Each structure stands twice: as C-alpha cells, then as structure tokens.
Number of protein chains: 2
Amino acid sequence: MPKTDKARRYGEGREALLAAVVHVVADKGLRGLTYRAVAERAGVNNTLIAHHFGSRDALLEAAMQWASERSIQLSDLSATEEVDEDFARALVDMVASDPDLQLFQFEMIFESRRRPELRPAVLKLYNSYIGSLENALMRRGYTSPASLARAIFAALDGLVIQQLTVADPESIYAAVVRVGELLASQPHFEHAEPAGPATRIQS
Amino acid sequence: MPKTDKARRYGEGREALLAAVVHVVADKGLRGLTYRAVAERAGVNNTLIAHHFGSRDALLEAAMQWASERSIQLSDLSATEEVDEDFARALVDMVASDPDLQLFQFEMIFESRRRPELRPAVLKLYNSYIGSLENALMRRGYTSPASLARAIFAALDGLVIQQLTVADPESIYAAVVRVGELLASQPHFEHAEPAGPATRIQS
DNA sequence: TCATCAACTATGCATTTGCTTAGTTGTATT
DNA sequence: AATACAACTAAGCAAATGCATAGTTGATGA
C-alpha cells in the first residue's frame, strides 16, 4: 500500500502537496516527482497541483522555498558553541530521524545547477549555514574563520551524505567527534568572548 | 545545436553510449537520462541501447561500473603524501576541468539508495577512497586513522560539491588548504615511515 | 567469396507524463 | 439565503518515453 495522507481538510491541500514533494523526491528521486505521485502522497487529486502551482517546475521551486524555511535544523546546530559529543549525537540523530529533508535538499543542490530559479534559495541555505558557523568560529577566536567554516561545513555535509548512503551512524558519529577534535586543536579562545582579549589556546 | 559525437566507427557504439550516459546525467540529471538523449549524445540510434544493455536500468548500472573503473582520479589524489597546496590545486583543477564525472558519481551515490544493484559499485568507490586515505594517514603515524580518514574524505567530498554548485574555485582552494593545515596540526610522523619508530610531531 | 553473426537502424506501440478544460463543492460575506 | 470565489475533482489529450519487432550493414573467419 502506498503512503497516502488521507482525510485532508478543506484548505490544507497546498501545504500537503509541498510536504509530499519532499518525501517523493527523497524516496523516488526527481525522476519520480510526477503530478500523480505527489498527489497520491498528499491524498489529493493530481490536477490540484496545476491549480495551485501551475507547473511541475513551479511546484519544485515552491517546495524548495518551503523546505528551506523550515530547515532551521542544521543552521541551529552549526551555531552551537562547539562541535562536541552532544553535537555529534544531535547531528547523527537528526539525519537518522528525518532523512527525507536532507535528501531533498541534496537533490535540490544538484538540480540548482540546471535550474537557475532554484539557485537563490540554494545559495541562501548554504550561505546561512556557513555564515552562522563562521560567526561562531570568529567569536571563539579562530584565525581566518571563513575558510575554516567552509571546510568544517563541508566535512559535516560530507558526513551527512555518507550516513544517508554508505556508512553506519556510529562511524559517522565517531568522524563528527573527530572533526570537533580537529577544531579544538586549532588556536582559539577557551570560551566565546564577544569582545576584548581572552586566553588563547595554542593547541 | 545539441552535442553529438558523430562519425563513430563500427564497434564503438557501446563505449560511446557509456560515455554519453555520464554527460547526459551530469547536465540533465537522471530525469533527462532517456534512450533518445543518450543516443543523440553518442551519435547512434536509440534502439542500440536496448540491444547492448536491455533496459534503462541495466544501462545505468553498466555506466556506473564503467565510470568507477576510470575514476582512479580522487583515489590517486587521496594516496598523495600530504594535503598541501599542490594537492589543493590538483583537486580544484580536476573538478573544474571534468565536472561531469564528479556530478555523475554524486547522482549515482544518491540513486544507489533506491537501486540496490548500484550499491556494490558505490560502496566500493567510497571504501577505496577512504581506505587509501586511511592507509596514507596510518603510514604517517596519525592516531585512529579510520575516523580521521572518514572525516577528511567527507571534507574533500563536501568541498567538491560546493565547487560544483555554490562556490568559486578559489574559495574551495583555500578551504582545501585549510583542511591540510588541520591535518598537519594533528600528531603524526614528519615523513612517511613504513616501519620502526620515527619523530612524532606534536603540533 | 560467401556464410555467419554482431553491431546497428527504422518503425511502431502501449504506457506514462504534464497539463487543459469543464465542472463541483465548501466557505465566507453580505 | 443568496452570491461569489477559492479549493477541489473528473475526464481526457498530445507529447514523450521505454522498449519490442523486424530488418540492414559491416567485419570476420572458413
């Protein structure tokens, strides 16, 4: 039996369709993103998509907007004070408990290469992640936080992909912890110090 | 005008089709992977695909095999002695000069979630990358090289994705260099020492 | 030189797709 | 209660797709 959300109430169709897009893309890919598949998953008639969004492309764009708005998750995580065991556990748990949102976003990142209208949302997402991480690193006194933030984010991003596709959660957990250790071994303040000089750790 | 490789010689069709798959997937996605698109790109009749491979699924599987065999690239790079400026430049140049192979592989990694027959090849690729990196780290005396190799590979993987989608090559270059610095700051031997004790750098 | 077989092409078709058109139903406003 | 309009459904169609069938062409070995 296919997963369908039934018993929708009047007026909830649009939102249900957007949520359905994320799940359909996550488990059938963009090739499986059809009016009928999305509608079935949302529990509505397929022509409702054309009514609300006009075209498949517009549906995808709307879904990207919608998903990125509710994708505070990693952004919150990145703004955390440090990449420690708690962070690692939270990240691994997040991916394990809601892989579809991550999968959808990765699909959209690659799709944005071919669909210019998706680029703004994708860029905003990435920049918000990397930017908040960069701020956190700067507050903690790391040197040249821009390239460091990019590198650390890339590592976390890459580990999420590995967890989604080829590796078991515990290996990923260990690797995330290792990323935290790499960070800790770089020169930085002992605690976040918004202003003024502070103790700098040398390693 | 569409990119078509014309003037094929008798007997080269199969190989041309496999190469075409990589390019088609890279610039139109898996949704754009149709018999007609691939055949046009390869400069052959679309029914030749059914002749050689039988089905679209089998074509994709064959292309994955084919591509991973000729994807010695990152593996070679990972086995390099250290992640320095030369390595960073080589990585960035590789992605810039041949993005299609990388894009194809990323698409396949995600596709392997839904197509079990692709998993062996994907796992083999990842394990060969991470494994050779782990060996290189072990030779250089890094502690717990398994999680470190996974983390470093994830960082490089993530940076490749960023270069392919959202960031300019020079930002990526800087971040790759930073990854090298993170590695250098970890305790390890000064030079690769296959056996026996050696000078251990403390940071 | 000719037989054989693989590589290759031409035609065609059932299915799936995006989306249009024409309608129905629910809700909010007066 | 009547109006009006948005949310929603039913039916259907032109185009694209995967692939089957039937044939043609080129290389190769006897």
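Each value, and the rule that gives it
- The residue numbering used here restarts from 1 in each chain and proceeds along that chain's sequence as written.
- All chains are assigned letters beginning at A, and all ligands numbers beginning at 1, according to the order in which they are written.
- The model is predicted, so local features are restricted to residues of pLDDT at least 70 and side-chain atom pairs to those at 80 or more, both for listing and for counting; the totals for chains, interfaces and linings are taken over all residues.
- Side-chain descriptors were evaluated using all non-hydrogen atoms of the structure, hydrogens and water having been removed beforehand.
- Secondary structure follows DSSP: runs of H or I at least 4 residues long count as helices, runs of E at least 2 residues long count as strands, and numbering of each begins at the N terminus.
- Whether two residues are in contact is decided by their heavy atoms: any pair within 4.5 Å suffices.
- Method for areas: the Shrake-Rupley scheme with a 1.4 Å probe, in which residue coverage is limited to the protein chains shown.
- For every residue, the accessible area obtained with a 1.4 Å probe (protein chains only) is divided by the maximum for its type, and the residue is called buried under 20%, exposed over 50%, and partly exposed between those limits.
- Throughout this description, a polar contact denotes any pair of N or O atoms lying within 3.5 Å of each other; where both atoms belong to protein, one of them has to be capable of donating a hydrogen while the other can accept it, and for residues adjacent in sequence the pair is counted only when both atoms sit in side chains.
- Take the residue count of a helix, subtract one, and multiply by 1.5 Å to get its expected span.
- The term buried area refers to how much accessible surface (probe radius 1.4 Å) is lost by two components on association, counted for both of them together.
- Salt bridge, as used here, is a side-chain nitrogen of Lys or Arg placed within 4 Å of a carboxyl oxygen of Asp or Glu.
- Under the grouping applied here, Gly and all other residues not named as nonpolar or charged are polar, the nonpolar ones being Ala, Val, Leu, Ile, Met, Phe, Trp, Tyr, Cys and Pro and the charged ones Asp, Glu, Lys and Arg.
- Proximity criterion: a residue is near a molecule or strand once any of its heavy atoms comes within 4 Å of it.
- Axis definition: a line fitted to C-alpha atoms, over the contacting stretch in the case of helices. Angles run 0 to 180 degrees between N-to-C directions.
- Should an angle fall under 35 degrees it is called roughly parallel, over 145 degrees roughly antiparallel, and 65 to 115 degrees roughly perpendicular, with every other angle called oblique.
- Crossing handedness follows the turn of the near helix against the far one: under a right angle anticlockwise gives a left-handed crossing, and clockwise gives a right-handed one.
- UniProt positions are given in the numbering used here, feature names are shortened, and annotations may be inferred rather than shown by experiment.

- Looking at an unreviewed UniProt entry, chain A carries the name TetR/AcrR family transcriptional regulator, with the source organism given as Arthrobacter mobilis.

**Quick word on the overall build of chain A**
- Secondary structure assignment for chain A yields 10 helices and two strands.
- In chain A, of all internal contacts separated by at least 6 residues, the share reaching a separation of at least 24 is 63%.
- Total accessible area on chain A stands at roughly 9,100 Å², and carbon and sulfur atoms take up 51% of it.

**Structural notes on the side chain of T165 of chain A**
- Relative to the helices and strands, T165 of chain A resides in helix α9 (residues 145–165).
- T165 of chain A gets classed as buried once you look at its relative accessible area, which sits at 3%.
- A polar contact is formed between the side chain of T165 of chain A and the backbone oxygen of I161 of chain A, at a distance of 2.7 Å.
- Once residues within four sequence positions are removed from consideration, T165 of chain A is found in contact with I109, F110, R113 and R119 of chain B.

**Structural notes on helix α4 (residues 56–69) of chain A**
Residue and element names in this part refer to chain A.
- Spanning 14 residues, α4 covers 20 Å between terminal C-alpha atoms, matching the ideal 20 Å at 1.5 Å per step.
- Every buried residue of α4 is listed here: R56, L59, L60, A62, A63, M64, W66 and A67.
- Looking at the buried residues of α4, the elements they touch are α1 (13–28), α2 (35–42), α3 (47–53), α7 (99–111) and α8 (119–139).

**Side note on the interface of chain B and chain A**
- The interface of chain B with chain A comprises 49 residues on the first partner and 49 residues on the second.
- Between chain B and chain A, roughly 4,100 Å² of surface is buried when both sides are summed, and carbon and sulfur atoms account for 59% of that area.
- There are two salt bridges connecting chain B and chain A.
- Its salt-bridge partner being R114 of chain A, residue E107 of chain B comes within 2.8 Å of it at the nearest N-O pair.
- Summed over the shared surface of chain B and chain A, the number is 19 residue pairs in polar contact (both at pLDDT 80 or more).
- Elements with a minimum of two residues in the side of chain B that touches chain A: α1 (13–28), α7 (99–111), α8 (119–139), α9 (145–165) and α10 (169–184) of chain B.
- Broken down by class, the residue content of the side of chain B that touches chain A amounts to 27 nonpolar, 11 polar and 11 charged.

**A look at the protein's contact with DNA strand C**
- Taken together, 24 residues are adjacent to DNA strand C, and Y35, R36 and R56 of chain A together with G11 and N45 of chain B come closest.
- When atoms of DNA strand C within 4 Å of the protein are split into backbone and base, the sugar-phosphate part holds 49%.
- Between DNA strand C and N46 of chain A, the relevant distance is 3.2 Å, taken from a base nitrogen to a side-chain nitrogen or oxygen of the residue.
- In this structure, a sugar or linking oxygen belonging to DNA strand C sits 3.1 Å away from a side-chain N or O atom of Y10 of chain B.
- If you list the elements that add at least two residues to the surface near DNA strand C, you get α2 and α3 of chain A together with α1 and α3 (47–53) of chain B.

**Looking at the side chain of E107 of chain B**
- Note on placement: E107 of chain B falls in helix α7.
- Residue classification places E107 of chain B among the buried residues on the basis of a relative accessible area of 8%.
- Leave out the neighbours within four places in its chain, and E107 of chain B touches F110 and R114 of chain A together with V25, G29 and L30 of chain B.

**Remarks on the packing of α8 of chain A against α9 of chain A**
Residues and elements named next belong to chain A.
- At a minimum axis separation of 8 Å, α8 and α9 run at an interaxial angle of 120°. One element, α8, and the other, α9, form an angle in the oblique class. Where α8 crosses over α9, the two elements pack in a sense that is right-handed. The residues of α9 that touch α8, namely those facing Y126, Y129, I130, L133, E134, L137 and M138, are P145, A146, L148, A149, R150, I152, F153 and D157.
- Here the contact of α8 with α9 is built from residues that sort into 12 nonpolar, no polar and three charged.

**What about the UniProt feature "DNA-binding region" (unreviewed entry) in chain A?**
- Here the UniProt-annotated "DNA-binding region" (unreviewed entry) positions come out as residues 34–53 of chain A.
- Taken end to end, residues 34–53 of chain A comprises 75% helix and 0% strand; its first and last C-alpha atoms sit 13 Å apart.

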